[in-house]
Amino acid sequence: MTTIRDIARLADCSVTTVSRVLNRHPYVSEEKRNLILQLIDELDYVPSAQARDLSYGLSKNIGVLIPYANVAYYDKIISGILKAAFKKDYKITLLPTNYDLEKEHHYLKQLAAKAFDGLIITSKRTSFDTIQQHVKYGPIVCCEDTGNYPISAVSFSREESYVEVFDYFKQKGFSHIGLAVGRPQSISPSTALMMKAHKTVFGRFPDEDLIIPDCRNYASGITAGNRFAQLPQLDAVFANSDEVAAGILQSIDATSVEIIGEENLLASHLLNFSTVDHHLDRCGEEAFRLLFEQTNTRIAIPYRFIKR
């Protein structure tokens with residue numbers, strides 16, 4: 001395979017001169033330029049896009065930290081990121097972490113090493129203090145509220161949407177509400193907001209036996225549904241995903257227990273249950289766009305409670 005060094009050697013010039021010709025820069029004699037172009041054509045030399053981008057200090061590659069692969073919540077965010085990245089001819093590298101601190105820190109170090117032009121963090125365990133220390137190496141956007149930290153963010157009114165769902169349940173006279181969540185509230189901001197919203201509406205936190213963690217997909221929803229079905233009292237279930245809700249419905253009678261999911265996925269349409277749409281695809285698009293803003297920017301995406 002012909003390299004730029006081969007072209008330089010055959011043209012009896014420096015690699016820099018060949019690079020100038022490739023990038024249409026001046027300060028190369030017409031005779032030397034024609035010789036280099038002739039050699040490029042004869043040897044079918046194709047310049048490395050990666051090397052060209054790196055010469056401009058760019059990798060044209062964005063890293064996206066996701067805790068889990070094949071989870072509908074993150075799939076929707078990724079879909080929005082990919083749509084926006086395609087328009088700007090950028091590559092996207094998915095970086096699954098399983099909430100492992102060491103892995104998250106490793107990817108932040110890769111940003112410092114210029115492996116990526118920027119990072120989008122969909123969810124994390126790493127503190128905002130640590131993330132802030134790495135912003136100087138490249139743009140970072142978080143898909144959650146970053147508070148007072150100077151870190152760009154795209155967020156949505158998650159707590160407000162949860163309060164509306166619990167208000168809806170309360171108005172219907174429901175008091176025993178099962179919750180299918182991802183991680184325990186001690187380590188999950190979203191679960192903590194769900195608990196807080198429950199207390200705001202009902203004046204108390206939900207009973208421990210009504211909370212089932214580790215719900216991320218259809219299969220875990222089936223497991224949760226089996227556990228919910230054994231409870232002596234259950235009026236409704238609020239699931240953290242429509243996929244999870246669909247799994248729960250395999251064991252729960254929808255005519256006696258109302259279920260509400262999240263993210264307006266196909267399952268909620270097919271099984272006709274209510275859902276909260278946080279417009280995660282738009283969140284992904286906006287997160288990608290914010291990477292190119294010159295200042296720290298925060299955007300709040302409105303949600304929609306879809307009652308069926």
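Residues numbered from 1 in each chain as written. Predicted model: local features only at pLDDT ≥ 70, side-chain atom pairs only at ≥ 80, totals over all residues. Heavy atoms only, no water.

### Some thoughts on the domain arrangement of the protein chain
Okay, so step 1: Domain boundaries assigned for the protein chain yield domain 1 (4-56), domain 2 (61-151 + 281-303) and domain 3 (158-277).
Okay, so step 2: Spacing between the C-alpha centres of domain 2 and domain 3 amounts to 27 Å.
Okay, so step 3: Between domain 2 and domain 3, the contact holds eleven residues from the first and 14 residues from the second.
Okay, so step 4: Summed over both sides, the interface between domain 2 and domain 3 buries roughly 1,100 Å², with carbon and sulfur atoms accounting for 53% of that surface.
Okay, so step 5: There are zero salt bridges connecting domain 2 and domain 3.
Okay, so step 6: Its residues assigned to classes, the side of domain 2 that touches domain 3 shows seven nonpolar, one polar and three charged. (Domains from an automatic or database assignment. Contact = heavy atoms within 4.5 Å. Buried area = accessible area lost by both parts, 1.4 Å probe. Salt bridge = Lys/Arg side-chain N within 4 Å of Asp/Glu carboxyl O. Nonpolar A, V, L, I, M, F, W, Y, C, P; charged D, E, K, R; others polar.)

### Considering the sheet that holds strand S10 (residues 274-277)
Okay, so step 1: Ordered by their spatial adjacency, six strands build an open sheet running S7-S6-S8-S9-S10-S12, and the pairing between neighbours is mixed. The open sheet has two free edges, formed respectively by strand S7 (211-212) and strand S12 (304-306), since each of these has just one partner strand. (Pairing = 2+ DSSP bridges. Helix = DSSP H or I, 4+ residues; strand = E, 2+ residues; numbered from the N terminus.)

### What about a nonpolar patch on the surface?
Okay, so step 1: A surface patch of nonpolar side chains, about 340 Å² in accessible area, is lined by Leu 266, Leu 270 and Leu 271.
Okay, so step 2: Relative to the elements of secondary structure, Leu 266 occurs in helix H12 (residues 266-270). (Patch = residues over 30% accessible without salt bridge, like charges linked within 9 Å, V, L, I, M, F, W, Y side chains within 5 Å. Areas by Shrake-Rupley, 256 points an atom, 1.4 Å probe, with all protein chains shown as cover.)

### A look at the environment of Leu 210
Okay, so step 1: Its location among the elements puts Leu 210 in the loop between helix H9 (189-202) and S7.
Okay, so step 2: Separated by 170 residues in sequence, Leu 210 and Ile 40 have C-alpha atoms that sit 69 Å apart.

### Considerations on the pairing of strand S8 (residues 236-239)
Okay, so step 1: Burial of S8 is two-sided: the residues Ala 236 and Phe 238 facing one way and the residues Val 237 and Ala 239 facing the other way are all buried.
Okay, so step 2: As judged from the three bridges shared by S8 and strand S9 (residues 258-262), these two strands associate in the parallel manner. Across the sheet, Val 237 pairs through a bridge with Ile 259, a residue of S9.
Okay, so step 3: For the handedness criterion, the β-α-β arrangement of S8, helix H11 (residues 242-248) and S9 is classed as right-handed. (Buried < 20%, exposed > 50% of the residue type's maximum accessible area, 1.4 Å probe, protein only. Right-handed = clockwise from strand over helix to strand, strands pointing away.)

### Here we look at helix H6 (residues 101-112)
Okay, so step 1: Across its twelve residues, H6 extends 17 Å between first and last C-alpha, which sits within 8% of the 16 Å expected from 1.5 Å per residue.
Okay, so step 2: For H6, every residue scored as buried is listed here: Glu 104, Tyr 107, Leu 108 and Leu 111. The buried residues of H6 occupy one face: seen down the axis, they fall within an arc of 100°. Opposite the buried face of H6, at more than 90 degrees from it, the exposed residues are Glu 102 and Lys 109.
Okay, so step 3: Close packing links the buried residues of H6 with strand S1 (61-66), strand S2 (91-96), strand S3 (118-121), helix H7 (128-134) and strand S4 (140-142).
Okay, so step 4: One side-chain oxygen at the N-terminal end of H6 lies 2.8 Å from the backbone nitrogen of Glu 102; it belongs to Asp 100.
Okay, so step 5: Lys 114 occupies a position one or two residues after H6 and carries a positive phi of about 70°. (Expected span 1.5 Å × (residues − 1). Arc of directions from axis to C-beta. Polar contact = N/O pair within 3.5 Å; in protein donor to acceptor, adjacent residues only side chain to side chain.)

### Section: the pattern of salt bridges
Okay, so step 1: Enumeration over the complete set of coordinates arrives at seven salt bridges.
Okay, so step 2: The closest approach of N and O atoms between Arg 9 and Asp 6, which form a salt bridge, is 3.9 Å. Placement of the pair is Arg 9 and Asp 6 together in helix H1 (residues 4-10), with a separation of three residues, close to one helical turn.
Okay, so step 3: Residue Lys 196 is joined to Glu 159 by a salt bridge in which the shortest nitrogen-to-oxygen separation is 3.6 Å. You can see Lys 196 sitting in helix H9 and its partner Glu 159 sitting in helix H8 (residues 158-171), a full 37 residues away along the chain.
Okay, so step 4: Overall, the relative accessible area of 25% leaves Glu 159 in the partly exposed class.
Okay, so step 5: Connected via shared salt-bridge partners are Glu 286, Arg 289 and Glu 293.

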